[in-house]
Amino acid sequence: MTKPPPRPRICDYEGSNYRTEFWENKDRDYEDRVERAALRRLLPPSGQRLLEIGAGFGRLTEEYSGFRQVVLLDYSLSLLQSAQERLGRSGRYIYVAADAYAMPFRPGVFDAATMVRVIHHMADAPAALAQVARALAPGGVFVLEYANKRNAKALIRYALQRQTWNPFDEAPVEFVELNFDFHPAYIARALSAAGFTAERRLPVSFFRLSALKNALPTDTLVQLDSLLQHTGLLYTPSVFVRARASRPNTPDNLAA
């Protein structure tokens, strides 16, 4: 009897203070705002049902106001409870505590999906992307954010021999346990293998440096970043991709 493949390692935020310790008390207003700007550029303004993978405490969920129903999926029950406290219990939001490697949905039930600040915790990114492709209807839009291995800071540090890993190497690098940076070419291949057609890529967070954030007003940094997102210069620490599901799925009821 063939043994099933081993389960990928899971980054579990259960019981963490992620909302306060990483976002609200850490001066990340700039990062939050430029990520929202990228989402607005890439996501359709409206739709029927959107899946937010790794929704956490619902930081970005309000950006999906044009969708009739939003399903928030996260491995952490405590973060989903925090999201519910913020967003309420209306039928428009559905909270699902589940593993992104085995999402409990029937094929093709979503017309859009997002995954922001999540895939960098995935030990098996291709498996996660395959699950997203399965959940989307034909032509469904997927907005993915990933941590860019080939960012300017990494290039400089490598040139100065201050880091050992090569930012030009296309293989993912796990620089801290369950924290991965991905080369743009690797993500492009992984999306294609999962059944997606990439349509647009946006570099995001050009000014993610404490010195710059302290020296310039946040409004100025956000405006400049928003302009530079159009350049397509994929040397930022964060990259957003809009891809479209190209493999046929069969829409059905929500739950598998």
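Here's what I pulled together on the structure shown here. Source: prediction; values computed, not measured.

What follows covers the overall build of the protein chain. When its secondary structure is counted, the protein chain shows eight helices and nine strands. Over its C-alpha atoms the protein chain spans a radius of gyration of 18 Å, differing by no more than 12% from the 18 Å that the globule rule assigns to 256 residues. Viewed in the frame of its principal axes, the protein chain has a C-alpha envelope of about 50 × 45 × 35 Å. Taking all 256 residues of the protein chain together, the buried fraction comes to 49%. Sequence-distant contacts, at least 24 apart, represent 73% of the contacts inside the protein chain between residues at least 6 apart. Surface accessibility of the protein chain: about 12,400 Å² in total, with carbon and sulfur atoms responsible for 52%.

Tallied over the full model, the rule gives 16 salt bridges. In this structure, Arg 33 and Asp 29 form a salt bridge, with 3.6 Å as the shortest nitrogen-oxygen distance. A residue pair is termed a helical-turn pair when its members lie 3 or 4 positions apart in one helix, as Arg 33 and Asp 29 do in helix α2 (residues 29–42) at four residues. Its relative accessible area of 29% is what places Arg 33 among the partly exposed residues. Of the charged contacts in the structure, one is a salt bridge between Glu 31 and Lys 213, with a shortest N-O distance of 2.8 Å. Within this pair, whereas Glu 31 is found in helix α2, its partner Lys 213 is found in helix α7 (residues 210–215), the two being separated by 182 residues in sequence. The residues Glu 31 and Lys 213 share a single accessibility class, namely buried.

What counts, and at which threshold
Residues numbered from 1 in each chain as written. Predicted model: local features only at pLDDT ≥ 70, side-chain atom pairs only at ≥ 80, totals over all residues. Heavy atoms only, no water. Helix = DSSP H or I, 4+ residues; strand = E, 2+ residues; numbered from the N terminus. Rg over C-alpha atoms; globule rule 2.2 N^0.38 Å. Buried < 20%, exposed > 50% of the residue type's maximum accessible area, 1.4 Å probe, protein only. Contact = heavy atoms within 4.5 Å. Areas by Shrake-Rupley, 256 points an atom, 1.4 Å probe, with all protein chains shown as cover. Salt bridge = Lys/Arg side-chain N within 4 Å of Asp/Glu carboxyl O.

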